[in-house]
Amino acid sequence: QVQLVESGGGLVQPGGSLRLSCAVSGSFFSINAMGWYRQAPGKQRDLVATITSGDSTDYADSVKGRFTISRDNAKNTVYLQMNSLKSEDTAVYYCYVGGREPVYRRRMDYWGKGTLVTVSS
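A brief structural summary.

Basis of the calculations
Residues numbered from 1 in each chain as written. Predicted model: local features only at pLDDT ≥ 70, side-chain atom pairs only at ≥ 80, totals over all residues. Heavy atoms only, no water. Helix = DSSP H or I, 4+ residues; strand = E, 2+ residues; numbered from the N terminus. Rg over C-alpha atoms; globule rule 2.2 N^0.38 Å. Buried < 20%, exposed > 50% of the residue type's maximum accessible area, 1.4 Å probe, protein only. Contact = heavy atoms within 4.5 Å. Areas by Shrake-Rupley, 256 points an atom, 1.4 Å probe, with all protein chains shown as cover. Pairing = 2+ DSSP bridges. Axes fitted to C-alpha atoms, helices over the stretch in contact; angles between N-to-C directions. Core = buried A, V, L, I, M, F, W, Y, C linked by side-chain atoms within 4.5 Å.

Another aspect to go through is the overall build of the chain. Counting its regular elements, the chain contains zero helices and eleven strands. Counted from the first residue to the last, the chain has its helices and strands arranged as β-β-β-β-β-β-β-β-β-β-β. A compact globule built from 121 residues would reach a C-alpha radius of gyration of about 14 Å, and the chain, at 14 Å, matches this within 12%. For the chain, the spread of C-alpha atoms along the three principal axes comes to 50 × 25 × 25 Å. Every one of the 121 residues in the chain was classed for burial, and the buried ones make up 40%. Once local pairs closer than 6 in sequence are excluded, the contacts in the chain between residues at least 24 apart make up 54%. Surface accessibility of the chain: about 6800 Å² in total, with carbon and sulfur atoms responsible for 45%.

Rendered as structure tokens:
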């Protein structure tokens, strides 16, 4: 019973900052990657940032230099620090975990329900 619970979304003015958190619970054989995706109205869900078990990171070009992904393995939590927010960042942000389930070690993708970030003046 894996659950990903996002928090930290809300309304912020352009140029402002928010930090999203995703608390992960449940059983895994391993977690290979954690990250954030976002989906704006009428758009597909796109990668924002990911971090692997080896601590390598990947960012969408549109957020590079403004957003920072991090994790706390002891707390099973992944964060997204968002600075210099733009109206184009408005979207529902979804937490993601890629790993292996504990029984058969099958590769699985897990998604949170999403948290809304609105950047507007």
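Turning our eyes to something else, we now look at the sheet that holds strand E3 (residues 18-25). If you trace the four strands from one edge of the open sheet to the other, you get E1-E3-E8-E7, paired in antiparallel fashion. Each edge of the open sheet carries a strand with a single partner, namely strand E1 (3-7) and strand E7 (67-72). Taken over all neighbouring pairs, the strand axes of this sheet differ in orientation by 15 degrees on average, direction set aside. Here E1 pairs with E3 via five bridges, running antiparallel. For Val-5, the partnering residue across the bridge sits in E3 and is Ala-23.

A separate point is the nonpolar core. Membership of the largest hydrophobic core comes to 28 residues, with the highest contact counts inside it found for Trp-36, Leu-80, Met-82 and Tyr-93. Of all the elements in the fold, those that place two or more residues in this core are E3, strand E4 (30-39), strand E5 (46-52), E7, strand E8 (77-82), strand E9 (91-100) and strand E11 (115-119). Other than its neighbours up to four places away in sequence, Tyr-93 contacts Glu-6, Leu-20, Trp-36, Tyr-37, Arg-38, Val-48, Phe-67, Leu-80, Met-82, Gly-114, Thr-115 and Val-117.

Positioned with a positive phi, Asp-55 is a non-glycine residue whose angle comes to about 75 degrees. A positive phi angle, close to 60 degrees, is found at Arg-105, a residue other than glycine. Secondary-structure assignment places Arg-105 in the loop between E9 and strand E10 (107-111).

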